[in-house]
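Analysis of the macromolecular model
Listed below are the residues making up each chain.
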Amino acid sequence: DEENNLKAIESLTIYRSIRYGQNVDFVVTDERSYKSDHTIPEELSDGNGLFFHPRTALPAEAVLVMDQGRTANGGNPPDQVQGLNNVRKDSPPGTMLGSTQKAWWKETMSNSTATWKLWCNEVPMMRFSVPVGPAGILIFDRVAFCDAWDDKPTERNELMTYLRDEDIDNVVVLTGDMHAHFAGTLMHDYDTDAPEPVAAEFVAAGVSSNTVFSFFEDATRGQPPQLRDLVTYDSTGLGGDQAFVNNLNNLLFNGSASALEAAESHDLDAIEAAADRSINPHLKFVDCDAQGYGLMTVSADQVVAKLVTINRPIEDMGDVGQGIRTTATFTLAKDSRGAVSDPVIEGDKPFPIR
C-alpha cells in the first residue's frame, strides 16, 4: 500500500546539508522520489468538464480537502467535495518529502547556526490562486500549478508553520522546474484569514525548456474564448503588436477581472484599474514566458537575487550582454521574514508591468 511503499523508498534515502562558510547552509531535498500520488487522480479529471488539464487550474477546495485525507474536517472527511467523490478520505495527508526526509528537514533547519538557510527545492512552494471573479467559466476558485506544492498544501502548511513556531528566520527557497520566473514571500498558511510571512522564494526558469506560458497557451487551444482570453489574446486589433499576449502573468498577478479587461481593451490604465492585488499578494514578480537563469549574492546582511531572462533563439551575438532581454533584481534583508523587495527591472518588462 501507499504507506508501506513510502517507508521502503525512504529507507534508501541519502540527504545532504552543505555548510558554505559562516553565513550559509544549503539544504537539498528530493521531491520526486518520496511524494504521494497527485491529490486529484486522473480517473476523476479525465473527461470531466471541470478540468481543463489534469495538473493545472484545479478546483482549490477539492485539492485542499482531498490532500488532507482522513484528517479533513476534524477527522470526519466528506464523501464528496465540489461534486467529486472524495477518493482520498481514507488516506493519510499527502506528502512531498516523505516522513523520514521531512523529519530530517525540520531537524536540519532547527540545528542550523548559519545566518542564511538556502533550501534547494524542486517545485514552487508559493500559492498561485486563480479565483473565479467575473470569469464565470472557471466555475470554482482554482490553484494554477498542481505539479508543485499547491498540490500538497497540508504538508506545506506544516513546514512553514514549523519555521514560524520555531522562530527560524532567513530561509530562502531556491526553486526550479517551473519554466518561469517568480519571486515572492512564503506564508505560514495560505488558507487562514491571517497568513504570516516566514521565508522568501525565488523561482528561476530554465535556459532551454518550453515556458509555462507555452503549456497554458497550448492547453487552451480549442477551449472557449472566455477561457483562452485569461491566458492569451491577440492584441493586434487593439493597438498592440502581439498576436499572443502573455495574459497568464496578469491573471496570476492581478486576477481574472484584470485579465478579462486586458483581452477586451489592451489598455494598461484599464488593466491596472481592474487589478486585485489581494489575489496573490505575496507575489512580487511573475514572468511565465521566461527562459533564463538566476543569480544570487549572499552577504552577512542581505541577499541580492537576480532573475535573468535571455533572448530566444540563442545566437552568437558577439557581446554576451546583447543576449539578455530582462533582469529583475530583488533584495532581502537579514531577519526580515522573507520580505522580498519590489523588483528593479532592466530591459524589457514582462506584460503588464510598465
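Residues numbered from 1 in each chain as written. Predicted model: local features only at pLDDT ≥ 70, side-chain atom pairs only at ≥ 80, totals over all residues. Heavy atoms only, no water.

In terms of regular secondary structure, the protein chain is built from eleven helices and 16 strands. In summary, the protein chain has a C-alpha radius of gyration of 20 Å against a globular reference of 20 Å for 354 residues, a match within 12%. Overall, the C-alpha framework of the protein chain stretches about 60 × 50 × 40 Å when taken along its three principal axes. By residue count, 50% of the 354 residues in the protein chain fall in the buried class. Residue pairs at least 24 apart in sequence account for 67% of intrachain contacts in the protein chain once pairs closer than 6 positions are excluded. On the protein chain, roughly 15600 Å² of surface is accessible, and the fraction owed to carbon and sulfur atoms is 48%. (Helix = DSSP H or I, 4+ residues; strand = E, 2+ residues; numbered from the N terminus. Rg over C-alpha atoms; globule rule 2.2 N^0.38 Å. Buried < 20%, exposed > 50% of the residue type's maximum accessible area, 1.4 Å probe, protein only. Contact = heavy atoms within 4.5 Å. Areas by Shrake-Rupley, 256 points an atom, 1.4 Å probe, with all protein chains shown as cover.)

Let us look at the sheet that holds strand 8 (residues 142-145). Spatial strand order, 3-8-7: three strands in an open sheet with antiparallel pairing. The open sheet is flanked by strand 3 (56-59) and strand 7 (129-130), the only strands paired with a single partner. As paired elements, strand 7 and strand 8 share two bridges and run antiparallel to each other. Note on strand 8: the bridge partner recorded for V130 is R142. (Pairing = 2+ DSSP bridges.)

With the rule as written, the count across this model stands at nine aromatic pairs. Plain terms: the ring middles of F128 and F145 are 5.0 Å apart, the flat faces sit at 65° to each other, and that makes the pair edge-to-face. Of this pair, F128 sits in the loop between strand 6 (116-121) and strand 7 while F145 is found in strand 8, placing the two residues 17 residues apart along the sequence. Under the relative-accessibility criterion, F128 is labelled buried at 1%. (Phe/Tyr/Trp six-rings, centres within 6.5 Å; stacked < 30°, edge-to-face > 60°.)

What follows is about the nonpolar core. Counting residues in each nonpolar core, the largest one holds 51 residues, and the members touching the most others are W105, F182 and L252. Excluding anything up to four places from it in sequence, F182 contacts M126, F128, F145, E201, F202, V203, L252, F285, V286, C288 and L307. The next biggest cluster of nonpolar side chains, apart from the first, holds 16 residues, and it includes L118, F202, L332 and V340. (Core = buried A, V, L, I, M, F, W, Y, C linked by side-chain atoms within 4.5 Å.)

Before going further, it helps to examine the confidence of the model for the protein chain. Here the protein chain shows a mean pLDDT of 92. Residues at 70 or above account for 91%. Within the model, the stretch residues 1-15 combines pLDDT values under 50 with 18 contacts to residues more than four positions away or in other chains. (pLDDT = per-residue confidence, 0-100.)

Attention now goes to helix 3 (residues 60-68). Residues of helix 3 that are buried: A62, V63, V65, M66 and D67. Of the residues one or two after helix 3, G69 is the one with positive phi, at around 60°.

Attention now goes to the pairing of strand 15 (residues 324-333). Pairing between strand 14 (residues 302-310) and strand 15: nine bridges, direction antiparallel. Across the sheet, residue Q302 finds its bridge partner in strand 15, namely A333.

A few words on the environment of M178. Residue position: M178 is located in the loop between strand 9 (171-175) and strand 10 (181-187). Using a relative accessible area of 9% as the deciding quantity, one classes M178 as buried. For the pair M178 and F51, spaced 127 residues apart in the sequence, the C-alpha separation amounts to 20 Å. For M178, the residues in contact, after removing those within four places along its chain, are P124, F145, V203 and V212.

To continue, consider the side chain of E155. Summarising the element assignment, E155 is placed in helix 6 (residues 153-165). Judged by relative accessible area, E155 falls into the buried class, the value being 1%. Residues contacting E155, with those up to four places away along its chain left out, are D67, G94, T95, M96, L97, G98, K102 and W149.

Time to look at the sheet that holds strand 14. The pairing of strands in a sheet comes from backbone hydrogen bonds and takes either a parallel or an antiparallel form. Overall, antiparallel pairing links the four strands, which are arranged 13-14-15-16 in an open sheet. Each of the sheet's edge strands pairs with one partner strand only, and the pair in question is strand 13 (292-298) and strand 16 (344-347). Between one strand axis and the next, the sheet turns through 15° on average, direction left out of account. (Axes fitted to C-alpha atoms, helices over the stretch in contact; angles between N-to-C directions.)

Our next topic: the pattern of salt bridges. A complete count under the given rule lists 23 salt bridges for this structure. The residue K35 makes a salt bridge to D147 at a minimum N-O spacing of 3.4 Å. Placement of K35 in the loop between strand 2 (24-28) and helix 2 (42-45) and of D147 in the loop between strand 8 and helix 6 is noted, with a sequence separation of 112 residues between them. By relative accessible area, which is 21% here, K35 ends up partly exposed. The salt bridge involving K284 is made with D342; its shortest N-O contact spans 3.0 Å. Placement of K284 in strand 12 (residues 283-287) and of D342 in the loop between strand 15 and strand 16 is noted, with a sequence separation of 58 residues between them. (Salt bridge = Lys/Arg side-chain N within 4 Å of Asp/Glu carboxyl O.)

Okay, the packing of helix 5 (residues 99-111) against helix 6 next. Viewed as axis vectors pointing N to C, helix 5 and helix 6 meet at an angle of 20°, and their least axial separation amounts to 11 Å. Between helix 5 and helix 6, the angle is such that the two are roughly parallel. Relative to helix 6, helix 5 is oriented so that their crossing is right-handed. Across the interface between the two elements, K102, W105, K106, M109 and S110 of helix 5 pack against E155, E158, L159, M160, Y162 and L163 of helix 6. Its residues assigned to classes, the contact of helix 5 with helix 6 shows six nonpolar, one polar and four charged. (Parallel < 35°, antiparallel > 145°, perpendicular 65-115°, else oblique. Left-handed = near helix turned anticlockwise from the far one by under 90°. Nonpolar A, V, L, I, M, F, W, Y, C, P; charged D, E, K, R; others polar.)

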